[in-house]
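Structural characterization, general
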Amino acid sequence: MQYAKSLRYGIFVDAETSNYLQYSQWRLVCPCCNEPVFLVKGSHRPEHARVAPKSKQLVIVREAKVKAFFSHFDNLASEKCENYNKSITEKQIKTYATTSRQQRLKYWQENFLKAIGYYNAGCKSSFFTLFRRTNQHLPDINNKGIKAVQKEVASDLIELLNKADRASILEVARSHLVKLQTHENPLSLMDLGDITDTTEELKDNFLDWTRSFDIEMQLSLVAEVVDFFKTKAIAQIKEEIFELIFARVAVTIGPEKMTPLLKVSTGESEQEQQQKYYQLRSLLVGELVFLIAITDWSS
Ligand SMILES: [Zn+2]
């Protein structure tokens with residue numbers, strides 16, 4: 001495909017004029033299915049003469065041009081997508097080793113996680129550590145079991161967001177943004193102790209952004225990101241997203257409210273346990289919408 005959408009700038013990018021070195025920073029996705037894409041550089045071979053090996057005759061080799069284009073990553077490509085074109089990609093992408101492509105997808109996903117703040121201290125293993133500590137009393141608690149729980153809740157969280165009405169999510173996002181713009185001290189809304197970066201430069205950048213962003217522009221980026229949460233690329237990093245959201249909720253509501261929600265008690269009925277889980281889940285999805293709304297997608 002010639003054009004990709006930038007989740008970062010909310011614009012279309014032309015493969016022909018795209019800067020090869022910077023494309024991964026732009027968080028480019030397919031305009032049709034929203035899956036991440038990468039740039040395949042064009043090439044140009046000018047007309048030239050060469051000596052044929054057998055006949056030793058001089059032959060003219062014609063000029064050949066391959067236009068630059070965007071391509072889906074192998075394992076994310078969907079034949080349902082109208083931009084998925086096997087005849088273009090198969091021949092030209094052969095030169096790109098599968099491993100390097102995988103690395104680029106990883107880089108793409110890391111870039112996305114960085115934008116929402118996953119790499120700050122205290123996010124990784126947040127659920128695992130707290131769940132384990134809270135449920136030490138259980139005789140059969142083990143790492144494998146906790147990891148399975150983490151995976152299930154992560155899937156549930158993304159699914160819940162995807163099932164939610166898009167217009168309602170955007171309305172909630174709008175109310176967060178209005179609050180952010182009119183708040184006396186917007187930094188207090190972001191103060192999450194050791195799970196957010198606290199360098200002065202980041203604080204200043206965030207404050208500058210809260211004073212200058214345009215709500216409609218931000219909401220159009222938020223809408224793009226909400227659609228992006230339906231992709232396979234997000235499903236592959238759902239556990240990281242969940243860890244970040246969980247860490248944020250845990251800090252916001254505090255340990256005295258979080259611990260009872262995580263505690264598996266044999267004295268509770270199934271209904272009581274279900275209710276606790278629904279409560280946790282609604283806190284998580286609310287935080288996810290908040291985070292999507294107040295992330296400066298263009299920074
Ligand atoms: Zn596509």
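Residues numbered from 1 in each chain as written. Predicted model: local features only at pLDDT ≥ 70, side-chain atom pairs only at ≥ 80, totals over all residues.

A few words on the nonpolar core. Of all hydrophobic cores here, the largest spans 51 residues; its most connected members are Phe-70, Leu-157, Ile-245, Phe-246, Leu-284, Val-289 and Ala-293. With nine residues, the single largest contributor to this core is helix α12 (residues 270-294). Lining this core are residues from two domains, each supplying at least three of them: domain 1 (3-104) and domain 2 (117-294). Ignoring anything within four residues of it in the chain, the contact list for Ile-245 reads Leu-157, Leu-284, Glu-287, Leu-288 and Leu-291. (Core = buried A, V, L, I, M, F, W, Y, C linked by C-beta atoms within 7 Å. Buried ≥ 20, exposed ≤ 12 C-beta atoms within 10 Å, placed from the backbone. Helix = DSSP H or I, 4+ residues; strand = E, 2+ residues; numbered from the N terminus. Domains from an automatic or database assignment. Contact = placed C-beta atoms within 7 Å.)

In space, the three strands of this open sheet follow the order β2-β1-β3, with antiparallel pairing throughout. The open sheet terminates on both sides in strands that have one partner only, identified here as β2 (12-14) and β3 (28-29). Where strand β1 (residues 3-6) meets β2, three bridges bridge the pair, whose relative direction is antiparallel. Residue pairing in the sheet places Lys-5 in a bridge with Phe-12 of β2. (Pairing = 2+ DSSP bridges.)

Bringing the pairing of strand β4 (residues 37-40) into the picture now. Neither face of β4 is left uncovered, since the one carrying Val-37 and Leu-39 and the one carrying Phe-38 and Val-40 both have all their residues buried. Two elements, β4 and strand β9 (residues 69-72), share four bridges in a ladder whose sense is antiparallel. Pairing of Val-40 across the sheet is with Phe-69, part of β9.

So, about the packing of helix α4 (residues 143-163) against helix α10 (residues 238-253). Relative to each other, α4 and α10 sit at 85°, their axes nearing to 9 Å. Considered as vectors, α4 and α10 are oriented roughly perpendicular to each other. Contact residues: Gln-150, Lys-151, Val-153, Ala-154, Ser-155, Leu-157 and Ile-158 in α4; Lys-238, Glu-239, Phe-242 and Ile-245 in α10. For the contact of α4 with α10, the class distribution of residues is six nonpolar, two polar and three charged. (Axes fitted to C-alpha atoms, helices over the stretch in contact; angles between N-to-C directions. Parallel < 35°, antiparallel > 145°, perpendicular 65-115°, else oblique. Nonpolar A, V, L, I, M, F, W, Y, C, P; charged D, E, K, R; others polar.)

Here we take up the environment of Thr-231. On the secondary structure map, Thr-231 appears in the loop between α8 (215-228) and α9 (232-235). Using a count of 18 C-beta atoms within 10 Å as the deciding quantity, one classes Thr-231 as partly exposed. Distance from Thr-231 to Leu-76, taken between C-alpha atoms, is 8.6 Å for residues 155 residues apart in sequence. Beyond its immediate chain neighbours, meaning those up to four positions away, Thr-231 contacts Asn-34 and Glu-35.

Our next topic: the confidence of the model for the protein chain. Any region with low pLDDT has predicted coordinates that should not be read closely. Averaged over every residue, the pLDDT of the protein chain is 83; the share at 70 or more is 88%. Note on residues 86-93: pLDDT is under 50 here. Beyond four places in sequence and across chains, it has six contacts. (pLDDT = per-residue confidence, 0-100.)

Here β1 folds back onto β2 in antiparallel fashion, the turn holding five residues, of which Gly-10 has a positive phi close to 65°. In the sheet, β1 pairs with β3 via two bridges, with the strands oriented antiparallel. If you follow Ser-6 over to β3, its bridge partner there is Leu-28.

One non-glycine residue with positive phi stands out, namely Arg-27, at about 50°. With respect to the helices and strands, Arg-27 occurs in the loop between β2 and β3. Residue classification places Arg-27 among the buried positions, given that 22 C-beta atoms sit within 10 Å.

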